[in-house]
Amino acid sequence: MSAHDRLEQSMKYLSLLSQQFPTQQAAFTEIINLQAILNLPKGTEHFMSDLHGEYEAFMHILNNCSGVVREHVDETFGDELTEAEKADLCTLIYYPHEKLALVRAAHRNSPTWTKQTLNRLIAVTRRLSSRYTRSKVRKAIPHDFAYIIDELLHTHPDENNYRVRYHERILDSILETGSTEDFIAALAELIKVLAVDHIHLVGDIYDRGGGAAKIVDRLIACKHQRTDIQWGNHDLLWMGAAAGEEACVVSVLRNNLRYGNYEILENDYGISLRGLVAFADRTYRAGERITPLIKAINVLLFKLEGQIIQRHPEFDMEERLLLGRIDKEAGTVVIDGETWPLVTRDFPTLDPEHPYELTPEERRIVDKLVAEFTSSDHLRQHVEFLFRNGSMYLVRNGNLLFHGCVPLNEDGTFASMNCEGTWRSGRDYLDFCDEIARRAWRDRDRSALDWLWYLWIGFRSPASGRYVKTFERSYIEDKSTWEEPMDPYFTLTHEPGACDTVMREFGVAPESGHIINGHTPVKTGSGEKPIRADGKLLVIDGGFCAAYHPKTGIAGYTLISSSRGMRLKAHEAFKSVEAALAHNADIQSETTRFASANRRIMVSDTDTGAEIREQIGDLRLLLDAYRTGALPEHA
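What you are looking at is a predicted structure, and each value in this text was computed from that prediction instead of being measured.

1. Thoughts on the sheet that holds strand S8 (residues 393-396)
Argument step 1. Sheet architecture is open: five strands sit in the order S8-S9-S12-S14-S13, paired in mixed fashion. Taken across any chain shown, the strands that pair with only one partner, and hence form the sheet edges, are S8 and strand S13 (531-532).
Argument step 2. Here strand S12 (residues 514-517) pairs with strand S14 (residues 537-539) via three bridges, running parallel. Paired with Ile 516 across the strands is Leu 538, a residue of S14.
Argument step 3. Across the sheet, helix H24 (residues 496-505) lies against strand S9 (399-402), S12 and S14, angled at about 90 degrees from S12, the strand it touches most.

2. A short note on the pattern of salt bridges
Argument step 1. This structure, assessed with the given rule, holds 46 salt bridges.
Argument step 2. Notably, a salt bridge pairs Asp 74 with Arg 70, separated by 3.0 Å at the nearest N-O pair. Taken as a pair, Asp 74 and Arg 70 lie in helix H4 (residues 68-77) at a separation of four residues, close to a single helical turn.
Argument step 3. A relative accessible area of 28% places Asp 74 in the partly exposed class.
Argument step 4. Across the pair Arg 473 and Glu 484 runs a salt bridge, and its minimum N-O distance is 3.2 Å. Of this pair, Arg 473 sits in helix H22 (residues 470-475) while Glu 484 sits in the loop between H22 and helix H23 (489-492), placing them 11 residues apart in sequence.
Argument step 5. Residue classification places Arg 473 among the partly exposed residues on the basis of a relative accessible area of 41%.
Argument step 6. Members of the salt-bridge network, linked through shared partners, are Arg 70, Asp 74, Glu 83 and Lys 86.

3. Observations regarding the packing of helix H13 (residues 233-243) against helix H21 (residues 446-457)
Argument step 1. As a packed pair, H13 and H21 sit with axes 8 Å apart at the nearest point and diverge in direction by 155 degrees. Relative to H21, the element H13 is oriented roughly antiparallel. The chirality of how H13 crosses H21 is left-handed. Along its contact with H13, which presents Asn 233, His 234, Leu 236, Leu 237, Met 239, Gly 240 and Ala 243, the element H21 presents Leu 449, Leu 452, Leu 455 and Trp 456.
Argument step 2. Looking at the contact of H13 with H21 residue by residue, the classes come out as eight nonpolar, three polar and no charged.

Conventions we followed
- Residues numbered from 1 in each chain as written.
- Predicted model: local features only at pLDDT ≥ 70, side-chain atom pairs only at ≥ 80, totals over all residues.
- Heavy atoms only, no water.
- Pairing = 2+ DSSP bridges.
- Helix = DSSP H or I, 4+ residues; strand = E, 2+ residues; numbered from the N terminus.
- Contact = heavy atoms within 4.5 Å.
- Axes fitted to C-alpha atoms, helices over the stretch in contact; angles between N-to-C directions.
- Salt bridge = Lys/Arg side-chain N within 4 Å of Asp/Glu carboxyl O.
- Buried < 20%, exposed > 50% of the residue type's maximum accessible area, 1.4 Å probe, protein only.
- Parallel < 35°, antiparallel > 145°, perpendicular 65-115°, else oblique.
- Left-handed = near helix turned anticlockwise from the far one by under 90°.
- Nonpolar A, V, L, I, M, F, W, Y, C, P; charged D, E, K, R; others polar.

Given below as structure tokens:
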């Protein structure tokens, strides 16, 4: 591009910018505002992973902000309040409507209690709001009380205490108009929004627990908290099912029926299983360890997966073509040259000559199920949210986030994958995976849909990285066949050198950066540590899912990055909302502090700060254009 072309392009951009800032005064006012923002403390980031549908536990952690709300209550009131009073105030912030109902039932809701509580909530809100610009706080305030809350947050004593009396009169009016509960709820919501500026979900919202749809509904409703998602293999599975990939549809059914999660399928997404259940009951025998429904799903799944594997030799999964190795009469299967007995011989739809062909009735069942998934408006809304706010990986503020792994060879080099005729590895491979997932949703072409299935379960998938033994776990009793080898990434990254290699590949400085993963539950009870490789790798899958609690010994992690550094919260199991209300039973968390900052980390030190400096540079160019007459002002 010539110098003349660059100048012309620059002037076009400045002309567009001048529509937003039409005068010199507007431009330099915005420069002053942006420079002031650079000198505020950075917003608090929360990182969570592997929620697996545990809605109540997730909601409580959203409500208590992983203990950050209690920390601010402690800092605001110190010894001024008793421990019981602070716990009571925190529970009110977490569950305002439910807590106020208990207060009313106990006849504690006197005007004195109400005004005292409102003043305490305002004090906490004022402390939190001091970290943000007034404009940002105003945008976060619930609309119905925007003016009133803004006034109360900026009331300070004056010579004649006019502002204090004004403040008190506002509180009296809230009581007189009967709007106390709604106002308290608005303050509680604002406190929670201000306590956490950005939520990172490092994959696997779906499966196992039954509340994934409610979690996504809640994330969509959080309009004033920034949220990003690094897709996990279970998320990609649901994305594939919503796009109409047949093996993904059947895998979703299998996963949720194994955990008894009929609710998310039928109530949340309106997916009917009646046809499948009727087919299974009339086709398969009952009375065995495997139910007719799971038998039917298993055979459908292995047939559909076999078709994908046969279409894609580059997936290198021919060893998973096990239906063709079944001897129905003997009740055995041959795997790696060894014959294993099966737990059932009930394979009425399996044709040994054509093991991966669906029968006409199976085809009708699959077509109907695909139509159920692709026509669910609620599911489409949720998957569009995952695509809009998600990605395979994210680099943010010196941290590299992805759910599973970056596939590696045993020697620590990046493993290559044949991606539609081009061999890719490292960051290039993850970029391809991101692009192919979006293409599958946009175009629904066969190759891209097959890739979505591979991302769910493939050994070289960055979201999986595991040699999955679904067939063996379904049909073979001997657990020695169940072992699932993992990608070398998961062992090599216990050492700093491998982590440094991965971080450099994604442009992250190894001296100060971190890799943040989920996917593999940390067995805390067995002595495993989530902080590895001298603090370079943080594995934050602590087992939100109740089924994992015995294995992990805890009930989830939250990684917190604030202006004072990083810390990891290990949570105990959430009892219930009822216990939280009746006994102020908060989730207890153990905090591990690391990467403490030598000084407060400011907005200027973050990626947002770099973006703001670019904006300031553009505005200075606009000012010069106005002052030299290159562009006219629009006063």
